[in-house]
Amino acid sequence: MKEKTKDSRETKRWQVLLGGVLMQLCIGGIYTWSLFNQPLVDTYGWARTEVYTAYSLIVFIFALVTIYSGRLQDKIGPRKVGTIGIIFFSIGLIVASMARTLPVLYLGYSVLGGIGVGMVYVCPLSTSLKWYPKKKGMVTGIIVGAFGLGGFVFNFVLSYLIQEIGVSQTFLVQGLVYAVVGLTGAQMLKVPKKSDSTQHVLVNENDFQPKQMMKTKTFYLLWVIYFIGSLSGLVVIGLAQDIAREVVGLSPQIAGYSIAVAAVANALGRIGWGALSDIFGRLRVFSLLFVITALSMLTLSLWTNQAYLYFIILVLIVSSFGGFLATFPAITSDYFGSYYFGSNYGLIYQAYGVASLAGPLLLGLTSQDTQAFLIASILSLVGLVLTLFVRPPKTAY
């Protein structure tokens, strides 16, 4: 009987993980945005900065929505919230397919799509952490790794569709495909009952409510570290193909591989660094990621005329970015507990959203992209120093 119960529990755990991966693959499609920049510019005559703004906005909006969606899924469950999110995301892409003006593009892709991604993102993370309390880094790495891998999975298909049926129709196909796959994954999410696991899976020994978390110095230090850790990766991912063409001087064909390379590096970084943080500790991994990012952004700002060097630097920057996204959910659960994780991580995740807006601002304030890369390198060193001051918060009660 016990063996049968154990097998049933394992099946449920893997089902939740699979559902989360399917959902994250879909919303991870936003990392293919670099494919759409030039086609939208060519088709509708919009400026590159105006088109790139759609990407920055969807990242900012989805991060902002995680505050609400985190609390909502704590109340009504991840399955319902995830379902609503996938519907919003798909409708947003369908609206974007009808966009002939920038406001409609922003409304569909950025606003409706951002709400959808924000509703979906936290649900698989929060649910999986409750099923895998002893492997937080690994399981969050897998879940957010799927988010990063979405860019690779759909990259070549989307490139082909843009060439064959046009950029607008490609948005429509995305919306329909993501609806089918994402809704299937959402139905697999289920919060464990006490009979499925021991009590410590459901509630950590020390669970901070959001208000209690925001009274700690640890929260603000982690927030700033997350902001700095996200900045470089967001800038490079959003402009990967453009950097390859305009800064490095690569041909459009070779530059096109940037999206796929970045997507694979993003996914592997999330899985690998997340698992390593279980072994060596979250803060040690943060420190190493900042060192890698600082050196890589510095190199990108100084030596950018060789294809192989660019792709190596791209892999290092984006995999480090993925490492931050994989490790932060784990350290949030470590320090502030699992019971209010959805709400708490939604607040910490705002650092990622603000970083998405800071990227274009940084590019706008500098006369050359390479100057922005140098500033990002310096900020990474600041982040490295800040990791030395992070301490676990005192008990909430």
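Residues numbered from 1 in each chain as written. Predicted model: local features only at pLDDT ≥ 70, side-chain atom pairs only at ≥ 80, totals over all residues. Heavy atoms only, no water.

(A) Region of interest: the pattern of salt bridges. Within this structure, the stated rule accounts for two salt bridges. The closest approach of N and O atoms between Arg282 and Asp278, which form a salt bridge, is 2.8 Å. Accessibility expressed as a relative area gives 33% for Asp278, which makes it partly exposed. A salt bridge links Arg282 to Asp334; its shortest N-O distance comes to 2.6 Å. Of this pair, Arg282 sits in helix H14 (residues 282-302) while Asp334 sits in helix H15 (residues 307-336), placing them 52 residues apart in sequence. A relative accessible area of 34% means that Asp334 is categorised as partly exposed. Each of the salt bridges in this network shares a partner with another, and the network as a whole consists of Asp278, Arg282 and Asp334. (Salt bridge = Lys/Arg side-chain N within 4 Å of Asp/Glu carboxyl O. Buried < 20%, exposed > 50% of the residue type's maximum accessible area, 1.4 Å probe, protein only. Helix = DSSP H or I, 4+ residues; strand = E, 2+ residues; numbered from the N terminus.)

(B) Just a positive patch on the surface, in detail. A cluster of basic side chains, namely Arg71, Lys75, Lys211 and Lys215, defines a positive patch on the protein surface. Take Lys75: it is sitting in helix H3 (residues 48-76). Taking the relative accessible area as the measure of exposure, Lys75 reaches 72% and is therefore exposed. (Patch = residues over 30% accessible without salt bridge, like charges linked within 9 Å, V, L, I, M, F, W, Y side chains within 5 Å. Areas by Shrake-Rupley, 256 points an atom, 1.4 Å probe, with all protein chains shown as cover. Lys, Arg positive; Asp, Glu negative; His and termini not counted. Charge placed at Lys NZ, Arg CZ, Asp CG, Glu CD.)

(C) Highlighting the domain arrangement of the protein. Taken domain by domain, the protein consists of domain 1 (1-192) and domain 2 (206-396). Each of domain 1 and domain 2 has a C-alpha centre, and these two points are 19 Å apart. The partner domain 2 presents 48 residues to the 43 residues of domain 1 that form the contact. Buried area between domain 1 and domain 2, summed over both chains or domains, comes out near 3,700 Å², and the portion from carbon and sulfur atoms is 62%. Between domain 1 and domain 2 we count zero salt bridges in total. The interface formed by domain 1 and domain 2 holds six residue pairs in polar contact (both at pLDDT 80 or more) in total. Elements supplying a minimum of two residues to the side of domain 1 that touches domain 2: helix H2 (34-44), H3, helix H5 (102-131) and helix H6 (136-165). In terms of residue class, the side of domain 1 that touches domain 2 is made up of 21 nonpolar, 16 polar and six charged. (Domains from an automatic or database assignment. Contact = heavy atoms within 4.5 Å. Buried area = accessible area lost by both parts, 1.4 Å probe. Polar contact = N/O pair within 3.5 Å; in protein donor to acceptor, adjacent residues only side chain to side chain. Nonpolar A, V, L, I, M, F, W, Y, C, P; charged D, E, K, R; others polar.)

(D) Representation of the nonpolar core within the structure. With 120 residues, the main nonpolar core has Leu105, Tyr109, Tyr121, Phe171, Tyr310, Phe328 and Tyr352 as its most contacted residues. Counting contributing residues, this core receives three or more from each of domain 1 (1-192) and domain 2 (206-396). Not counting the four nearest positions on each side in its chain, Tyr352 is found in contact with Tyr31, Val59, Phe62, Ala63, Ser230, Leu234, Phe321 and Leu325. (Core = buried A, V, L, I, M, F, W, Y, C linked by side-chain atoms within 4.5 Å.)

(E) Spotlight on the environment of Gly20. Tracing the backbone shows Gly20 in helix H1 (residues 2-27). Owing to a relative accessible area of 0%, Gly20 belongs among the buried residues under this scheme. In sequence terms Gly20 and Ala146 are 126 residues apart; their C-alpha atoms lie 8.4 Å from each other.

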